[in-house]
Amino acid sequence: MNKKIVDLHFLHSLVTLGLILTGLILYSQFFRGILSALRDYARDLHIFAGVLFSLTIVPYCVILAKTWGKLSGQFNRRLLNLAAISLAAGIALTGILLFTHTDLQNSPGISALSLHRMLVVIGIPAVLYHAVTGWFSITRPTGMDGSDSGDKGFISSRRVFIRWTASAGALFSGLVLAKWFLFNQDTTLPGVKGKYKDCNQMDPQPMPSLGSVPPIGGGYQGRFEVFTVTPIPCTTSAGWQFRVFGLVDNPLTLTWEKFLDIPRQVQVNDFYCITGWTVTHCTFEGIPLSRLLALVGLQPTAQYVKFYSGDGVYTSALSLKQALMNDVMVAVLIDGEPIPSDLGGPARLLIPQMYAYKGVKWLNAIELIQEPHIGYWESRGYENDAWVKR
Ligand SMILES: Nc1nc2c(c(=O)[nH]1)N[C@H]1C(S)=C(S)[C@@H](COP(=O)(O)O)O[C@H]1N2
Ligand SMILES: [Mo]
């Protein structure tokens, strides 16, 4: 191998290692919770490394094109190199789609994120295998294609051993990743019980209305990735209250029971996280936000609506016009079951036409204000008007 290729290869392996590490951080539940500030750095690093990764694909294509002729008769090597480049390009392309939030249109079940992960499930084991077997052929300069240059006996049996171990390791890591990424879908039982933790103790439980049971949406499809920037708050009906205050004529403080007395509506929505995952056909039941606002009497100076979470940290806001859209609701049931604490219960905000970061979990207060408010993720770079783009 000439020096240029070795340098390129060294750079590429560093970038790949960085991508794998930051990617695992992005996927890990651990970093979606209270360490989500770190997750944010990991995302920036992942994007940066992703750009470098995408760029390094180009010279590989050039090199392959140049050596294509020399590889005549070596069908396997041609195929392997093509496959490796396609895999890298696929990962890069789906990564770019994720970065720009443009998902694959009209392809139910297959999203840029699921494809990205699927390709990584093949890619990481392949990279591991290549790293282990490639490593040894660099320290002992023999043919990369497995043709031993005069090694006999002990050494070649060691190489066979290494290859087998690498294969086993690659297979194992592939299976672990596949189980992690792909077979983590909850398609077995309908509903949310048993799949998401619920540490709330609410009495009485909200009675599902017609349409929630059985859910008119037919049951949600996909999997919620439980996001929280704080430890998950648990509450009881006695300890819980819901306030509507600010620029209103009649501020409200509702107990759980009074809150449940307000008529609810049932609607079917898809749920979009801006990081690329989607849950479709959710049947939500809750109080339309416009109904809550009608109860308090808005003052003319009320221009924006600010939402508070029971976690004490997370906030978001809408303009009054957005807040009055008829599908914005404070949801208490999903597919006829109380929303578990993992998913923001006992009550969470739902703005179906916007990305889910606008939907404050553990919602317990709404304030009418005059000036715009920039919420938790909005102040960390996400758009304030978070219309779903797809
Ligand atoms: N209080 C609070 N609300 C929140 C968040 C959060 O971290 N804390 N994350 C937001 C984001 S980014 C998403 S995608 C959804 C995730 O909802 P889920 O955890 O029920 O899947 O909640 C939104 N609401
Ligand atoms: Mo999100």
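Reading the values: rules and limits
Residues numbered from 1 in each chain as written. Chains lettered and ligands numbered in written order. Predicted model: local features only at pLDDT ≥ 70, side-chain atom pairs only at ≥ 80, totals over all residues. Heavy atoms only, no water. Helix = DSSP H or I, 4+ residues; strand = E, 2+ residues; numbered from the N terminus. Contact = heavy atoms within 4.5 Å. Domains from an automatic or database assignment. Buried area = accessible area lost by both parts, 1.4 Å probe. Salt bridge = Lys/Arg side-chain N within 4 Å of Asp/Glu carboxyl O. Polar contact = N/O pair within 3.5 Å; in protein donor to acceptor, adjacent residues only side chain to side chain. Nonpolar A, V, L, I, M, F, W, Y, C, P; charged D, E, K, R; others polar. Buried < 20%, exposed > 50% of the residue type's maximum accessible area, 1.4 Å probe, protein only. Axes fitted to C-alpha atoms, helices over the stretch in contact; angles between N-to-C directions. Parallel < 35°, antiparallel > 145°, perpendicular 65-115°, else oblique. Left-handed = near helix turned anticlockwise from the far one by under 90°. Pairing = 2+ DSSP bridges. Core = buried A, V, L, I, M, F, W, Y, C linked by side-chain atoms within 4.5 Å.

Asker: How would you explain the environment of I287 if you had to name every residue and give the values?
Answerer: Following the sequence through the fold, I287 ends up in strand β4 (residues 278-288). For the pair I287 and D327, spaced 40 residues apart in the sequence, the C-alpha separation amounts to 9.9 Å. Not counting residues up to four positions away in its chain, the partners in contact with I287 are F259, I262, P263, R264, L292, V328, M329 and V330.

Asker: Explain the domain arrangement of the protein residue by residue, including any values.
Answerer: Once the domains are mapped, the protein shows domain 1 (3-182) and domain 2 (191-380). Spacing between the C-alpha centres of domain 1 and domain 2 amounts to 41 Å. Contact residues are listed per partner, giving 14 residues for domain 1 and 15 residues for domain 2. Summing both sides of the interface, domain 1 and domain 2 together bury roughly 1100 Å²; the carbon and sulfur share of this comes to 45%. Contact with domain 2 buries area across many residues of domain 1, yet R32, I34 and H101 alone supply 39% of it, more than any other trio. For the pair domain 1 and domain 2, the interface holds one salt bridge. For the salt bridge of E225 with R117, the shortest nitrogen-to-oxygen distance reads 3.1 Å. Counting across the interface, domain 1 meets domain 2 through two residue pairs in polar contact (both at pLDDT 80 or more). Sorting the residues of the side of domain 1 that touches domain 2 by element identifies α2 (36-67) and α4 (112-139) as the ones contributing at least two each. The residue inventory of the side of domain 1 that touches domain 2, partitioned by class, reads four nonpolar, five polar and five charged.

Asker: Residues and numbers for the pattern of salt bridges, please.
Answerer: Enumeration according to the criterion identifies seven salt bridges in this entry. The partner of R223 in a salt bridge is E225, and the shortest N-O contact between them spans 4.0 Å. For the pair R223 and E225, a shared accessibility class is recorded, and that class is buried. Salt bridges sharing partners connect three or more residues here, namely R117, R223 and E225.

Asker: Break down the environment of V132 for me, citing the residues and quoting the values.
Answerer: Tracing the backbone shows V132 in helix α4. Overall, V132 belongs to the partly exposed group, its relative accessible area being 33%. With 30 residues separating them in the primary sequence, V132 and I162 have C-alpha atoms 7.7 Å apart. Setting aside residues no more than four positions away along its own chain, V132 makes contact with I162 and A166.

Asker: Quick rundown of the packing of helix α1 (residues 3-27) against α2? Include the residues and the values.
Answerer: The geometry of α1 relative to α2 is characterised by a closest axis approach of 8 Å and an angle of 150° between their N-to-C directions. One element, α1, and the other, α2, form an angle in the roughly antiparallel class. At the point where α1 passes α2, the crossing takes the left-handed sense.

Asker: Residue-level account of unusual backbone geometry, with values.
Answerer: Here D203 and P204 are connected by a cis peptide whose omega angle stands at 0°. Among the secondary structure elements, P204 is positioned in the loop between α5 (153-181) and β1 (241-246). With omega at 15°, the peptide bond leading from G345 into P346 counts as cis. Even without being a glycine, H281 presents a positive backbone phi close to 55°. With respect to the helices, strands and loops of the structure, H281 is situated in strand β4.

Asker: Give a description of the pairing of strand β6 (residues 315-319) that names residues and reports values.
Answerer: Of all five residues that make up β6, five are buried, and the element is covered over most of its length. Going residue by residue along β6, you find T315, A317 and S319 tucked away on one face and S316 and L318 tucked away on the opposite face as well. The pairing of strand β5 (residues 304-309) with β6 spans five bridges and is antiparallel. Within β6, the position partnered with Y308 by the bridge is T315. What sits between β5 and β6 in their antiparallel hairpin is a turn of five residues, with G312 showing a positive phi close to 80°.

Asker: Kindly report on the packing of α2 against helix α3 (residues 75-100), identifying the contributing residues and their values.
Answerer: At a minimum axis separation of 10 Å, α2 and α3 run at an interaxial angle of 150°. If you check the angle between α2 and α3, you find them roughly antiparallel. Our pair here, α2 against α3, has a crossing hand that is left-handed. Facing α2, whose interface residues are I47, F53, S54, I57, Y60, C61 and L64, α3 presents N81, L82, I85, A88, A89, A92 and F99.

Asker: Which residues make up the nonpolar core, and what values do they have?
Answerer: F242, F259, L289, L292, F307, I366 and L368 are the most contacted members of the largest nonpolar core, which totals 46 residues. Counting residues per element, the ones that place at least two in this core are β1, β2 (252-255), α6 (256-261), α7 (289-296), β5, α8 (320-323), β7 (329-334) and β10 (363-369). Counting residues per element, this core draws most heavily on α7, at four residues. Aside from chain neighbours lying at most four places away, what touches F259 is W240, F242, L254, I287, V330, V332 and A347.

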